[in-house]
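Summary of structural features
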Amino acid sequence: MKDTAKHQGLRNQLASVLSQKGITDKNVLEAIKKIPRHLFLNSSFEDYAYQDKAFPIGAGQTISQPYTVAFQSQLLEVKKDDKVLEIGTGSGYQTAVLYTMGAKVFSIERQNELFKSTSLLLPKLNIRPKLLTFGDGYKGLPNYAPFDSIIVTAGAPMIPQPLMAQLKVGGRLVIPVGEEGQAQIMTMLIRKNETQFEKHEFGEFRFVPLLENKN
Ligand code: SAH
């Protein structure tokens, strides 16, 4: 688990690539500069870890492209101590970004293999989410609701109702919506009151699918 000056240099370059691509939130860019992404990947991909690309992480899943992580994180407008629910822990990289931005992170993963490996990795890097849990993110975490924001890191055919119900008034739900095998539309709902949500759409992205039940 080595992090060197060379890695730091590559991270700084990645942050400037992301800012050229339109990421403006300083808090997001600072987190990208701090987090050793190469340690979230299988060592065979280490040399490519600071390219703006997605990579396989096992169990048929991928670590999201840094631009996508930054874009979703920016939409959340994370403030210190915000309670953030993440669906799809995967490698834990997005979890680490949110934690480094000052959020209290609760994250759900449905693949037991990834849940176990990421639960071991994050404490070694001093990244301490409030909760990592093995379960079905379609249901959210009713016992810990409401959340300031919710981020879904897999493509969903529709917006799960339980997640809308677990959002605070004023809170944001960021979710890529679209059928499996097609591009998803990055969608943000802002909760206006008990019953109303304002919808914003931000163009096409590609994610692995949000699947029901755990595995
Ligand atoms: N945030 C991750 C992205 C991983 S890809 C990262 O930065 O590495 C999406 C993840 O969502 C996969 O790990 C997949 O297993 C998980 N997933 C898919 N459906 C899910 C569900 N219903 N509940 C929880 N996790 C789910």
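Thresholds, definitions, all that
Residues numbered from 1 in each chain as written. Predicted model: local features only at pLDDT ≥ 70, side-chain atom pairs only at ≥ 80, totals over all residues. Heavy atoms only, no water. UniProt positions renumbered as here; feature names shortened; annotations may be inferred. Helix = DSSP H or I, 4+ residues; strand = E, 2+ residues; numbered from the N terminus. Buried < 20%, exposed > 50% of the residue type's maximum accessible area, 1.4 Å probe, protein only. Contact = heavy atoms within 4.5 Å. Salt bridge = Lys/Arg side-chain N within 4 Å of Asp/Glu carboxyl O. Arc of directions from axis to C-beta. Near = heavy atom within 4 Å. Polar contact = N/O pair within 3.5 Å; in protein donor to acceptor, adjacent residues only side chain to side chain. Areas by Shrake-Rupley, 256 points an atom, 1.4 Å probe, with all protein chains shown as cover. Nonpolar A, V, L, I, M, F, W, Y, C, P; charged D, E, K, R; others polar. Phe/Tyr/Trp six-rings, centres within 6.5 Å; stacked < 30°, edge-to-face > 60°. Lys NZ or Arg CZ within 6 Å of the ring centre and 35° of its normal. Pairing = 2+ DSSP bridges. Axes fitted to C-alpha atoms, helices over the stretch in contact; angles between N-to-C directions.

**Considering the UniProt feature "active site" (unreviewed entry) in the protein chain**
Annotation from UniProt places "active site" (unreviewed entry) at Ser 64. Assignment of secondary structure puts Ser 64 in the loop between β2 (61–63) and α3 (66–76). The class for Ser 64 is buried, based on a relative accessible area of 18%. Every residue in contact with Ser 64, bar those within four places of it in the chain, is listed here: Arg 37, Lys 53, Ala 54, Val 69 and Phe 207.

**Structural notes on the pattern of salt bridges**
Under the defined criterion, the tally for this structure stands at 10 salt bridges. Salt-bridge contacts for Asp 136 lead to Lys 139; the nearest nitrogen and oxygen are separated by 3.4 Å. A salt bridge links Lys 192 to Glu 198, with the nearest nitrogen and oxygen atoms 3.6 Å apart.

**Thoughts on helix α2 (residues 26–34)**
All buried positions along α2 are accounted for by Val 28, Leu 29, Ala 31 and Ile 32. In a view along the axis of α2, the buried residues occupy a sector of 160°, so they form one face of it. With respect to the buried face of α2, the exposed residues turned more than 90 degrees away are Lys 26 and Lys 34. The inward-facing, buried residues of α2 abut α1 (5–20), α3 and α4 (93–100).

**Section: the site of the ligand**
The environment of the ligand is made up of 26 residues, and the closest members are Ser 91, Glu 109, Asp 136, Gly 137 and Leu 211. Between a nitrogen atom of the ligand and a main-chain N or O atom of Gly 88, the distance comes to 3.0 Å. Leu 211 has a polar backbone atom sitting 2.6 Å from a nitrogen atom of the ligand. Calculation on the ligand without its partners gives an accessible area of 570 Å², and the protein chains cover 100% of this total. Of all the secondary structure elements, the ones that give two or more residues to the shell around the ligand are β2, β3 (83–87) and β4 (104–109). Element by element, the count of residues in the shell around the ligand is highest for β2, at three residues. Among the residues forming the shell around the ligand, the class breakdown is 10 nonpolar, 12 polar and four charged.

**Observations concerning the packing of aromatic side chains**
Across all of its chains, the model carries 10 aromatic pairs by this definition. Put simply, the rings of Tyr 67, Phe 71, Phe 202 and Phe 205 pair up and form one aromatic cluster. One Lys or Arg, Arg 37, reaches over the ring of Tyr 93 and ends 5.6 Å from the middle of that ring. Of note, Lys 83 hangs over the ring of Phe 147, and the distance from its end group to the ring centre comes to 5.2 Å.

**Some remarks on the sheet that holds strand β6 (residues 147–152)**
Ordered by their spatial adjacency, seven strands build an open sheet running β5-β4-β3-β6-β7-β8-β9, and the pairing between neighbours is mixed. The outermost strands of the open sheet, each flanked by one partner alone, are β5 (131–134) and β9 (197–205). Strand-to-strand twist in this sheet, taken as the mean axis angle between neighbours without regard to direction, amounts to 15°. Pairing geometry for strand β7 (residues 167–177) and strand β8 (residues 184–191), over six bridges, is antiparallel. Pairing of Arg 172 across the sheet is with Ile 190, part of β8. Against the sheet, α3 engages β3, β6, β7, β8 and β9, with an angle of about 160° to β7. Lying on the sheet, α4 is in contact with β3, β4, β5 and β6; it crosses β4 at an angle near 170°.

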